[in-house]
Amino acid sequence: MKLPTGAQMQRLDRSASEDFAVPSLLLMENAGLQTVLLMERELGPAGQSFAAIFVGPGNNGGDGLVIGRHLLQRGCQPLFFFLVPPDSLPADGATNLEIVRRLGLPVHLIDSSERVAEIPDLCNRSLSRNLPCYVVVDAIFGIGLCRSITGHIAEAIALINHPAFLRQTPVVAVDIPSGMEADSGRILGCCVQADHTATYGWAKPGHFQPGSGAWTGKVDIIDIGIPALTLQKVEVRTELADQELVTSLAQPLRRRGDAHKGTNGRLLLIAGSTGMTGAAILAARGALHAGVGLVSLAVPADLNHIFETTLPEVITVPLPASKGQCSDEDLEQILALADTCSAVVVGPGIGQALATAKLVLALYGQLRKPLLVDADALNILATCRDDLPDPAGPRIFTPHPGELSRLLAEPVEMVVENRLQAARRGQALFVATAQPTVLVLKGAGTVTVGTGGKTTINSTGNPGMAAAGMGDVLSGVIGALLCQGLAPQAAAVVGVYLHGAAADLLVGQQGVGYLAGEVAAALPQARKALLD
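Being a predicted model, the structure only gives us computed values, none of them experimental.

Engineer: Is there a simple way to explain the sheet that holds strand β5 (residues 171-174) in this structure?
Structural biologist: Sheets are built from strands paired through backbone hydrogen bonds, the pairs being either parallel or antiparallel. Pairing in this open sheet of seven strands is parallel, and the strands run β3-β2-β1-β4-β5-β6-β7 from one edge to the other. A single partner strand is all that each edge strand has here, and the edge strands are β3 (107-109) and β7 (218-222). Here the average twist between neighbouring strands, direction ignored, is 20°. Looking at chain direction, strand β4 (residues 133-139) and β5 are connected through three bridges and run parallel. By the bridge assignment for β5, V137 is matched with V172.

Engineer: Would you explain the packing of aromatic side chains in this entry?
Structural biologist: Centre distance and the angle of the planes are the two values used to describe a pair of aromatic rings. Throughout the structure, instances matching the rule amount to four aromatic pairs. A centroid spacing of 6.2 Å and a plane angle of 45° characterise the contact between Y364 and F397, whose relative ring orientation is tilted. Placement of the pair is Y364 in helix α12 (residues 354-366) and F397 in strand β14 (residues 395-397), with a sequence separation of 33 residues. Exposure remark for Y364: the relative accessible area of 3% places this residue in the buried category. Seen from their ring centres, F397 and F430 are 3.9 Å apart, and the 15° between their planes marks the pair as stacked. Of this pair, F397 sits in strand β14 while F430 sits in the loop between α16 (419-428) and β15 (437-441), and the two are 33 residues apart along the sequence. Comparing F397 with F430 shows no difference in burial state: the two are buried. Connected via pairs of aromatic rings, a cluster forms that spans F54, F81 and F165. Sitting over the face of the ring of Y364, R395 holds its NZ or CZ atom 5.6 Å from the ring centroid.

Engineer: Hey, could you run me through helix α18 (residues 488-510) in this one?
Structural biologist: Side chains of residues three or four places apart in an α-helix project in the same direction, reflecting 3.6 residues per turn. With 23 residues, α18 ought to run about 33 Å at 1.5 Å a step, and its terminal C-alpha atoms sit 33 Å apart, in line with that. Extensive coverage of α18 is indicated by the burial of 17 of its 23 residues.

Engineer: What exactly am I supposed to notice about the nonpolar core here?
Structural biologist: Note that soluble globular proteins tend to have their nonpolar side chains buried in a common cluster. Counting 61 residues, the largest nonpolar core has L267, L269, L297, F307 and V494 as the members making the most contacts within it. No other element matches α18, which puts 12 residues into this core. Listed in part, the 48 residues of the second largest apolar core include A203, L240, V344 and A362.

Engineer: Please clarify how the layout of surface pockets should be interpreted in this entry.
Structural biologist: Where empty space is left can be seen by rolling a probe of water-molecule size over the atoms. Looking at the largest pocket, its volume works out to about 710 Å³. Lining the largest pocket are 31 residues, and of these G443, A444, G445, T446 and M465 sit closest to its centre. Elements that contribute at least two residues to the lining of the largest pocket include exactly α17 (470-483) and α18. Among the elements that make up the lining of the largest pocket, the one with the highest residue count is α17 (four residues). Here the lining of the largest pocket is composed, by residue class, of 12 nonpolar, 15 polar and four charged. When its volume is computed, the second largest pocket comes out at roughly 560 Å³. Q10, D13, N59, N60 and D63 are, among the 25 residues lining the second largest pocket, the residues nearest its centre. Elements with a contribution of two residues or more to the lining of the second largest pocket: α1 (6-18), α2 (24-43) and α3 (58-73).

Engineer: Teacher, can you tell me more about the packing of helix α9 (residues 277-289) against helix α19 (residues 516-531) here?
Structural biologist: Helix-helix packing is characterised by the crossing angle of the two axes and by the distance between the axes. Where α9 contacts α19, the two axes come as close as 8 Å, and the packing angle between them is 10°. As judged from the angle between their axes, α9 and α19 are roughly parallel. As for how α9 packs across α19, the hand of that crossing is left-handed. Mapping the contact onto sequence places L282, R285, G286 and H289 in α9 and A516, G517, A520, A521, L523 and P524 in α19. Here the residues of the contact of α9 with α19 are counted per class, giving six nonpolar, three polar and one charged.

Engineer: What should I look at first to understand the pattern of salt bridges in this one?
Structural biologist: Side chains that differ in sign of charge can pair as their charged atoms come close. Per the counting criterion, the structure on display carries 15 salt bridges. Residue E417 is joined to R186 by a salt bridge in which the shortest nitrogen-to-oxygen separation is 3.9 Å. With a gap of 231 residues between them, E417 in helix α15 (residues 412-417) and R186 in the loop between β5 and β6 (196-200) connect regions that are remote in the sequence. Residue E417 is classed as partly exposed on the basis of its relative accessible area of 45%. Measuring nitrogen to oxygen at the nearest pair gives 2.4 Å for the salt bridge that ties R425 to E410.

Engineer: How do you make sense of unusual backbone geometry when you look at a structure like this?
Structural biologist: Excluding glycine, residues mostly carry a negative phi; peptide bonds, for their part, are mostly trans. Of note in the backbone geometry, R167 takes a positive phi value of approximately 55° without being a glycine. Within the element layout of this structure, R167 appears in the loop between α6 (151-161) and β5. Overall, R167 belongs to the exposed group, its relative accessible area being 73%. Here the phi dihedral of A375 falls at roughly 55°; this positive angle occurs in a residue that is not glycine. Its place among the elements puts A375 in the loop between β13 (371-373) and α13 (376-383). Given a relative accessible area of 15%, A375 falls into the buried group.

Thresholds, definitions, all that
- Residues numbered from 1 in each chain as written.
- Predicted model: local features only at pLDDT ≥ 70, side-chain atom pairs only at ≥ 80, totals over all residues.
- Heavy atoms only, no water.
- Pairing = 2+ DSSP bridges.
- Helix = DSSP H or I, 4+ residues; strand = E, 2+ residues; numbered from the N terminus.
- Axes fitted to C-alpha atoms, helices over the stretch in contact; angles between N-to-C directions.
- Phe/Tyr/Trp six-rings, centres within 6.5 Å; stacked < 30°, edge-to-face > 60°.
- Buried < 20%, exposed > 50% of the residue type's maximum accessible area, 1.4 Å probe, protein only.
- Lys NZ or Arg CZ within 6 Å of the ring centre and 35° of its normal.
- Expected span 1.5 Å × (residues − 1).
- Core = buried A, V, L, I, M, F, W, Y, C linked by side-chain atoms within 4.5 Å.
- 1 Å grid on protein atoms, 1.4 Å probe; cavity = no way out; pocket = protein on both sides within 12 Å on 5 of 7 lines; lining within 4 Å.
- Points joined across faces, edges and corners; volume = space filled by probe spheres on them.
- Nonpolar A, V, L, I, M, F, W, Y, C, P; charged D, E, K, R; others polar.
- Parallel < 35°, antiparallel > 145°, perpendicular 65-115°, else oblique.
- Left-handed = near helix turned anticlockwise from the far one by under 90°.
- Contact = heavy atoms within 4.5 Å.
- Salt bridge = Lys/Arg side-chain N within 4 Å of Asp/Glu carboxyl O.

Structure representation (structure tokens):
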């Protein structure tokens, strides 16, 4: 599913009219009518009721007028609360305003704090006539909003959100809840808390950012007649990694009848240090349960007994010069071992000792095989990001927001505020070479960015994943998918999706409190559900 930014969506609207002769007034009519049909499906019949419709500037306000007119056709009396002067609406909105005026529908100008305070009394007049409120419509601001909301409009939004207003009547937002930035999901001062959001043409990236669901409620994508061919006129590089997309990417994972461990690849894990052996174990389990044929685990020699007794399915490789942490003195042995493997993962539980840092930097520059860089290996890269050697092969980076903030040398708050932009900036740090580079920004709505800026937002996962070891499992999963023939970005997108889907299975069965190792164990079930 494509996820256009606010600016891209505006260009898609213009393309429908300019390139394909679809009148913008028709698009507005379709948007309003289809939103009312959505209301009827979700809320039931609209007859013998009234609707409180909050109208702002721009096309969103015009959509609200169309919605009110179609509700009237169904026996629902619209009350329009204009938060801007009605005559300020643009052309299509002005046309619908004229229709509303000729129908004699009540229009109230709400242009001050005092007028906002009158809204409950205006609604109570309808209630006193035994007309219940069917819906509150948020048609204030749309996808073009880029400034904080203040003044009487902020007060109107606070009224809509107040639990006593109209006895918690359902709130339906037009395209996006007013106050949410379409691209990042940031809240610009305040935001309408909707029960349903009817978004037009395509969903927007902001709908799928962490915490957005608390404001959007259920998001429904409404077809308003924008030709699909407009996507050939406007390049949209962001997609939702939903089941349809991920299934198409995951087709190489289907097993042939004559498959054996050799045909499913061999993964080299370089992981673990004193006190952090669990990270290496979880990464190995993630890889095994994601279907890789063989896992070789290169570890400090003095820790090898832990892994041999814990992971019977893994081939452990004790590194003789590494004591307590992996050392660059074992580089030649690791490079020789990597030549026999399909892909390499470095970082889980590896620590940041000087000898380890030298090893990570050497592997980053010399390995020709796909290399996934995670955890402390990312922190090592961050310490010398301006002097990194050119990589000899494809690279995948899997930071959480704190690790990405160190790579970017900027506050973590800037990463969290706009995850899409931060992930793209992070990936751009490593694109000065001819090698494919992919960055995975972990967290709710995990963002994956590949070469050329192609971006996906993951659709699986839940808050129960906010627990230790989840990222270690993910690194093993993505490494395993690289070994099974997926290209770097496909491996990242599918791996993130399966990781979240396994957690979704667990939260459905037992609720929050499941462990990272249990997510690894649930991967085969998630993979089966995807491929079936």
